[in-house]
Amino acid sequence: MSTLVRNKVDGWLAQALPGRCVFCLAALPSEHPWCEACFTELPWNLPACPVCAEPQPGAARGRRCGHCLRRPPAFDRAWVPLYYDAEVASLVQRFKFDASPRAGRVLLELMVVGLPPAARSWPEALVPVPLHPRRARERGFDQARWLAARLGRELGRPLARAQRERDTRTQRGLDRGERRRNLRGAFRLPAGLPRRVALVDDVMTTGATFDTLAMACRQAGAEEVQAWAVARTPPGRH
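Throughout, a residue's number is its position along its own chain's written sequence, starting from 1. Given that the model is predicted, a residue must reach a pLDDT of at least 70 before its local features are reported, and side-chain atom pairs must reach 80 or more before they are shown or counted; all residues, however, enter totals for whole chains, interfaces and linings. Here the side-chain values reflect all heavy atoms present in the structure, with hydrogen atoms and water set aside.

> In this structure, what is going on with the overall build of the protein? I would like to understand it.
Working definition: helices are DSSP H or I runs of at least four residues, strands are E runs of at least two. Numbering for both runs from the N terminus. Along its length, the protein carries 10 helices and 7 strands. Each of the 238 residues in the protein was classed as buried or not, and the buried ones make up 50%. Accessible surface is estimated by sampling points in the Shrake-Rupley manner with a 1.4 Å probe; for residues, cover comes only from the protein chains shown. Accessible surface computed for the protein: about 11,700 Å², of which carbon and sulfur atoms make up 51%. Exposure categories follow from relative accessible area, calculated using a 1.4 Å probe and restricted to protein chains: below 20% of the type maximum is buried, above 50% is exposed, and the middle band is partly exposed.

> Can you help me understand the environment of N45 in this one?
Topologically, N45 is positioned in the loop between α2 (36-41) and α3 (66-70). C-alpha of N45 to C-alpha of A231: the two residues are 186 residues apart in sequence and 7.9 Å apart in space. In this structure, N45 is in contact with A53, P55, V80, P81, L82, Y83 and R232, ignoring residues within four places of it in sequence. Contacts described as polar in this section are N or O atom pairs within 3.5 Å, which, within protein, must combine one atom able to donate a hydrogen with one able to accept it, while residues neighboring in sequence count only if both atoms come from side chains. Reaching out from N45, the side chain makes a polar contact with the backbone oxygen of V80 at a distance of 3.1 Å. Pairs of residues are marked as contacts when any of their non-hydrogen atoms sit within 4.5 Å.

> Would you mind going over the pairing of strand β7 (residues 224-232) with me for this structure?
The side chains of a regular strand alternate, residue by residue, between the two faces of the sheet. Taking burial as the measure, the 9 residues of β7 include 8 buried ones, the bulk of the element. Where strand β1 (residues 77-79) lies against β7, 3 bridges are found, and the strand directions are parallel. Paired with A78 across the bridge in β7 is A227. With 2 bridges joining them, strand β2 (residues 82-83) and β7 adopt parallel strand pairing. If you follow Y83 over to β7, its bridge partner there is R232. A strand pair is defined by DSSP finding two or more bridges across the two strands. Relative to β7, strand β6 (residues 196-204) runs parallel, the two sharing 8 bridges.

> Explain the pattern of salt bridges to me, please; I cannot follow it from the model alone.
A side chain of one charge can pair with a side chain of the opposite charge if their charged atoms are brought near each other. One side-chain nitrogen of Lys or Arg within 4 Å of one carboxyl oxygen of Asp or Glu is enough to make a salt bridge. Per the counting criterion, the structure on display carries 5 salt bridges. The partner of D211 in a salt bridge is R71, and the shortest N-O contact between them spans 2.9 Å. Here the residue D211 occupies a position in helix α10 (residues 208-219), and R71 occupies one in the loop between α3 and β1, the gap between them amounting to 140 residues.

> Quick question: what am I supposed to make of the nonpolar core here?
A general tendency of soluble globular proteins is for nonpolar side chains to be buried together. Among the nonpolar cores identified, the biggest contains 37 residues, and F95, L110, L147, L151, V200 and W228 are the most heavily contacted of them. Listed by contribution, the elements that provide at least two residues to this core are α2, α4 (86-98), α5 (101-114), α8 (143-155), β6 and β7. Tallying contributions element by element places α5 first for this core, with 7 residues. Each residue touching F95, except ones within four places of it in the same chain, is listed here: S100, A103, G104, L107, F141, Q143, W146, L147 and D202. Nonpolar cores were defined as sets of buried Ala, Val, Leu, Ile, Met, Phe, Trp, Tyr and Cys residues, with membership established by side-chain atoms within 4.5 Å. Ranked by size, the runner-up nonpolar core spans 32 residues in total, among them M204, C217, A222 and V225.

> It is not clear to me how the packing of α5 against α8 should be interpreted in this structure. Could you clarify?
At a minimum axis distance of 10 Å, the contact between α5 and α8 shows a crossing angle of 50°. On the basis of their axis angle, the class for α5 and α8 is oblique. Between α5 and α8 the crossing geometry is right-handed. When α5 is examined against α8, the residues P101, G104, R105, L108, M111 and V112 are found in contact with a partner set consisting of W146, L147, R150, L151 and E154. Residues are grouped as follows: Ala, Val, Leu, Ile, Met, Phe, Trp, Tyr, Cys and Pro are nonpolar; Asp, Glu, Lys and Arg are charged; all remaining types, including Gly, are polar. The class makeup of the residues in the contact of α5 with α8 is 7 nonpolar, 1 polar and 3 charged. Angles shown run from 0 to 180 degrees and are taken between the N-to-C directions of axes, each axis being a line fitted to C-alpha atoms and, for helices, limited to the stretch in contact. These descriptions rest on fixed angle ranges, namely under 35 degrees for roughly parallel, over 145 for roughly antiparallel, 65 to 115 for roughly perpendicular, and the rest for oblique. A clockwise turn of the near helix away from the far one marks a right-handed crossing, whereas an anticlockwise turn of less than a right angle marks a left-handed crossing.

Right under this line is the structure:
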């Protein structure tokens, strides 16, 4: 199905089925686009590493993962409420590759609901993970900027724009170390960032992109950096 057709279907569903759960189409008693049963059954990222949000076994609850113990990332902590799996993966794919506004709105609401109140009031600015201009033109859509702009309005926080200096090769299929090397020197920000910034993207895989962007933010004046995303890729699917 083409992007245009998908967006028309999304728009038709939103108009024809108001007050219906986006997942099961049940009638909704609340203002959220999901019912309580579907919300409970979503693939929540719990427990997770308190630094990088990598999914953890229950026995490791609250402890730093091995990656963060061996090489702490340049960001201080990550908030990523969901796994990239099942209905969440489907929403992300429709949002990212088909520019579905309906899927984007649902992901944005899930992100806001998944952020603790203290986190929502913490940043002084949001920094979307930038696409290289060539890729943005080819795709016709920048999902991180879309999310960050609307999240910024929701939280009352401004955006700070990073530039992608190099059009790096795809991260798909690369391990954690290869991803870091691939991204080295890829981002730049103007000096004068506020002290506390949150980086925003739709999906977090190994955290290498957030790590590299966090380094650039610190070079531009940020003292504390958090990484925010909607979903975390489970281990073994990087």
